[in-house]
Every structure is written in C-alpha cells, then in structure tokens.
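Tertiary structure, described
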Amino acid sequence: MNRRKFLRSSAGMLAATGTGLGRSAWAQGRRQIRIGGQRVTTVDVHTHTIIPGTMELLGTTTPNNNANLIIGDSRIALMDQWGIDVEILSVNPFWYSLDVDDARRVIDYQNRGLAEICSRYPDRLVAMTSVALQHPELAAEQLATGIREYGLKGVSLGGHVAEEELGADRFDPFWAAVEEFDVPIWVHPLGVPELDRLQGNGFLSNVIGNPLDTTLALSHMIFEGVLDRFPNLKVASAHGGGYIASYADRADYGCQRSPQNCNKTLERRPTDYLRDMYFDSLVFTSENLQHLVAQYGADHVVVGSDYPYTWADRPIDHVLETPGLSDAEKIAIVGGNALELWEISV
C-alpha cells in the first residue's frame, strides 16, 4: 500500500469510529496513543545509541557524550512515558577515517551489537545498519550482512564522508546495493567542522552546523545526479531536512540564473526530488511542522526526537497538538509512515 492510499484508508477507519483530537491513555504504566478513538502504533525514527567496545577493538575509545546512549530498561521506561511504541536506533558515524580492515572489524562488531540489543526488546526496538561508506564496495557488503544476517532495517549515514560529499560518483556501488535491497537511507548530520564562523557563543556548531550539513548532503545528492542514477532510493533525514526543506524553491532557479555554474542537467526540478524524500518532525513548533506537511505531505513526515539528546521531550504530543492536521495525517506521521517505510511488523 502506498502512503497516499494509507492516508485514505486511515481516514476511512476514522470515519467509522468518529474523529477527534489525539488522546492518550495509560495501561499498566505504558502510555497508549489513541487518535479518533483508535489505538495507533507510534514510531520514533530518530534515536541514538552506541555499542560499547566498538573502537576499543582498535585500542582507542568509543565516543560517548551521553550516558543514556547505552540501551537498558530505562530507555523502555521513557518510551512508555512518552507514548512511543517503537524506536529506530542508529549510531552516528565516527569511523569514516578507518582503513578497510579496521572498518570491517568495527562495523561488524557494531552491527552485531545492534542486533543483540534489538533481540532483548524485540517488540520495542529496531536498528539501522551501519556501513563504512568510505569504502563503497565494503559498505555494500555490510549492508547485505546487516539486513540478511542481523535483521537490521535500513541504513544510517552521516551528512558527509570525511571530506567527501554523498554525491560523489565513487559511492555508486553502494547506492546500487541500497536500491537493490529497497531499504530506506537515514541521513544524519555530522556538522560542518571546517566552518570557523560557527565558533563562539550559541552552540552554533550544532544549531546551525547540523541543519546546514543535512542541507548540503541532500543538495549534493540531488545536484550530482545520484537520484537520477538511482531513482528508487528512499531518503529520509533528520531535523526536518535541515534548511533546504524550508527554503527549497530557490534551488529550482540556481542553474537558470547561473548556468555557467552547473555542469549537469537534471531530469527533474530539484524540488521534485525533495518531494520524494522523508523528513522527521524535529522542527520545534507547530508552524514549522505545518509548513513541512504543506510542502511535502503528511505521508512524507515521520516522528523524530533525537533522544537521548534533549531537543524534544514531547515528540508525539508535538504532532497531536499541531492545528490543522487531520486524524489520518496524525496517524501517518506518528507511526504509519515509518512502519511502512522501514517495513516494521507490530
């Protein structure tokens, strides 16, 4: 079932049960989300973890700047409190400088660790495959192993790979593998550390740097022709897609206004590619969420909290309390879209 059919079928179910604002109930300590009288499954696609011992394989230390990155019963308890039924876990890349042999060891250890965590909480957690994209052929192998052997869902990537952009031609063997497996790509920023102007007061390296990195990543994938060469890729991104999702139309005019700065002719307008992508709901205000839905459709928005980083502590309520969304749209955003895109069975 495609996403627009999902919305229509959801609307039909709601018509039979009556419509209304999202309501929550508590059952045995677990918050259950109801929309229009219907119990719905909620999914948070933007959550982080680490696997202790990963970089210790190489005699160094696994990056850990938050104790809650380690998964345990406390994570499940918080999900119960927030009304989140399923979390999709990913690990932010810190391995893009490793050589082939070290990257093989680290990623296999990490993906096995992710699978083990999910096996402890099979009804609540799924995880995305990590890959060493600096070695595209190896990354394709790691994708296959993660999906076939470890039961992982989709693949998570950084917004750039060391000093290379995701639009680089040499990553094509990996994109071909992703397209063959028909799994979603999750793009999470790594900041823009080379931009010295982000230093100083205000945490600008994150506040501006992270959305900027996502904006650049998606833009390079579009303008370097990745999505023409691999039109069936399913791309989702964090933080509402960064800045490009909110100021996309300027991209349609760049090559018209300055053709000398363009060396490729795209098959479609840049904004057309964006409308095929998916964006999480971590945009802070109802107005921004309304804009995201207006631009790309409720069938292309998913819930993201960024946990355990405390950018949003009411991710489900943010959707439920946004004016103007129909019950069918809320059902799609809080879980329906993610269940279908990541092929999660509940």
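Observations concerning the overall build of the protein chain
Helix and strand counts for the protein chain come out as 13 helices and 14 strands. For the protein chain, whose C-alpha radius of gyration is 20 Å, the value lies close to the compact-globule estimate of 20 Å for 346 residues. Across the 346 residues of the protein chain, 56% fall into the buried class. Relative to all contacts within the protein chain whose residues are 6 or more apart in sequence, the contacts with residues 24 or more apart total 73%. In the structure as shown, the protein chain presents an accessible area of about 15200 Å², 50% of it carried by carbon and sulfur atoms. The average position of the 29 basic charges and that of the 44 acidic charges among the side chains of the protein chain differ by 6 Å.

Quick look at the sheet that holds strand S6 (residues 125–127)
Two pairing modes exist for strands in a sheet, parallel and antiparallel, and in both the strands are linked by backbone hydrogen bonds. Reading across the sheet, the 3 strands line up as S4-S5-S6 and stay open at both edges, with parallel pairing between neighbours. Since the sheet does not close on itself, it has two edges, and those belong to strand S4 (43–48) and S6, each with one partner. The sheet shows a mean angle of 30 degrees between the axes of neighbouring strands, direction not considered. Taken together, the 4 bridges between S4 and strand S5 (residues 86–90) define a ladder with parallel strand orientation. Bridged to Thr47 within S5 is Leu89. Where helix H3 (residues 100–120) meets the sheet, it contacts S5 and S6, and its direction lies at approximately 165 degrees from that of S6.

Some words on the confidence of the model for the protein chain
Considering every residue of the protein chain, the mean pLDDT works out to 92; 92% of them sit at 70 or more. Taken as a whole, residues 1–27 scores under 50 in pLDDT and shows 56 contacts with residues more than four places along the chain or in a different chain.

Details of the packing of aromatic side chains
By convention here, two paired aromatic rings are described through the distance between centres and the angle between planes. Applying the stated criterion across every chain yields a total of 7 aromatic pairs. With centroids separated by 5.7 Å and ring planes inclined at 90 degrees, the aromatic side chains of Trp82 and Tyr307 adopt a geometry described as edge-to-face. Pair noted here: Trp82 is in helix H2 (residues 73–82) and Tyr307 is in the loop between strand S14 (301–302) and helix H12 (315–320), with a separation of 225 residues, a long-range link. Each member of the pair Trp82 and Tyr307 is classed as buried. An angle of 70 degrees between the planes, with centres 6.2 Å apart, marks the rings of Phe284 and Trp311 as edge-to-face. Of this pair, Phe284 sits in the loop between strand S13 (278–280) and helix H11 (286–296) while Trp311 sits in the loop between S14 and H12, and the two are 27 residues apart along the sequence. Clustering of aromatic rings is evident, with ring pairs tying together Phe94, Trp95 and Tyr96. The ring of Tyr273 has Arg268 sitting right over it, with the charged end atom 4.5 Å from the ring centre.

Let's talk about the state of the cysteines
For the structure shown, the criterion picks out 1 disulfide. In this model, Cys255 is linked to Cys262 through a disulfide, with the two sulfur atoms separated by 2.0 Å. With the S-S bond torsion at -95 degrees, the cross-link from Cys255 to Cys262 turns out left-handed. In this structure Cys255 comes out as partly exposed when scored by relative accessible area, which is 28%.

A look at the packing of helix H4 (residues 136–148) against helix H5 (residues 172–181)
Packing of H4 against H5 brings their axes to within 7 Å, and their N-to-C directions diverge by 20 degrees. Classified by the interaxial angle, the pair formed by H4 and H5 is roughly parallel. Regarding H4 and H5, the two cross each other, and that crossing is right-handed. On the side of H4, the interface is formed by Pro136, Glu137, Ala139, Ala140, Leu143, Ala144, Ile147 and Arg148, while H5 contributes Pro173, Phe174, Ala177, Val178 and Phe181.

As for the nonpolar core
Counting residues in hydrophobic clusters, the biggest one holds 81 residues, and the most contacted among them are Phe174 and Trp175. In terms of residue count, the dominant contributor to this core is H3 (7 residues). Once you skip the residues sitting within four places of it in the chain, Phe174 turns out to touch Val131, Leu133, Pro136, Ala139, Ala140, Leu143, Val155 and Leu157. Counting residues in hydrophobic clusters, the runner-up holds 16 residues, among them Val43, Ala236, Ala238 and Leu341.

Some remarks on unusual backbone geometry
The amide bond that connects Tyr307 to the next residue, Pro308, takes the cis arrangement and shows omega of 10 degrees. Relative to the helices and strands, Pro308 resides in the loop between S14 and H12. Of note in this structure, Asp306 is not a glycine but carries a positive phi near 75 degrees. Note that Asp306 resides in the loop between S14 and H12. Taking relative accessible area as the criterion, Asp306 reaches 4% and is therefore assigned buried.

Section: the pairing of S4
Counting buried residues along S4, 6 of its 6 residues qualify, which places the element largely inside the surrounding structure. Regarding topology, H2 serves as the crossover connection from S4 to the parallel S5, and that connection is right-handed.

Analysis parameters
Residues numbered from 1 in each chain as written. Predicted model: local features only at pLDDT ≥ 70, side-chain atom pairs only at ≥ 80, totals over all residues. Heavy atoms only, no water. Helix = DSSP H or I, 4+ residues; strand = E, 2+ residues; numbered from the N terminus. Rg over C-alpha atoms; globule rule 2.2 N^0.38 Å. Buried < 20%, exposed > 50% of the residue type's maximum accessible area, 1.4 Å probe, protein only. Contact = heavy atoms within 4.5 Å. Areas by Shrake-Rupley, 256 points an atom, 1.4 Å probe, with all protein chains shown as cover. Lys, Arg positive; Asp, Glu negative; His and termini not counted. Charge placed at Lys NZ, Arg CZ, Asp CG, Glu CD. Pairing = 2+ DSSP bridges. Axes fitted to C-alpha atoms, helices over the stretch in contact; angles between N-to-C directions. pLDDT = per-residue confidence, 0-100. Phe/Tyr/Trp six-rings, centres within 6.5 Å; stacked < 30°, edge-to-face > 60°. Lys NZ or Arg CZ within 6 Å of the ring centre and 35° of its normal. Disulfide = S-S within 2.5 Å. Parallel < 35°, antiparallel > 145°, perpendicular 65-115°, else oblique. Left-handed = near helix turned anticlockwise from the far one by under 90°. Core = buried A, V, L, I, M, F, W, Y, C linked by side-chain atoms within 4.5 Å. Right-handed = clockwise from strand over helix to strand, strands pointing away.

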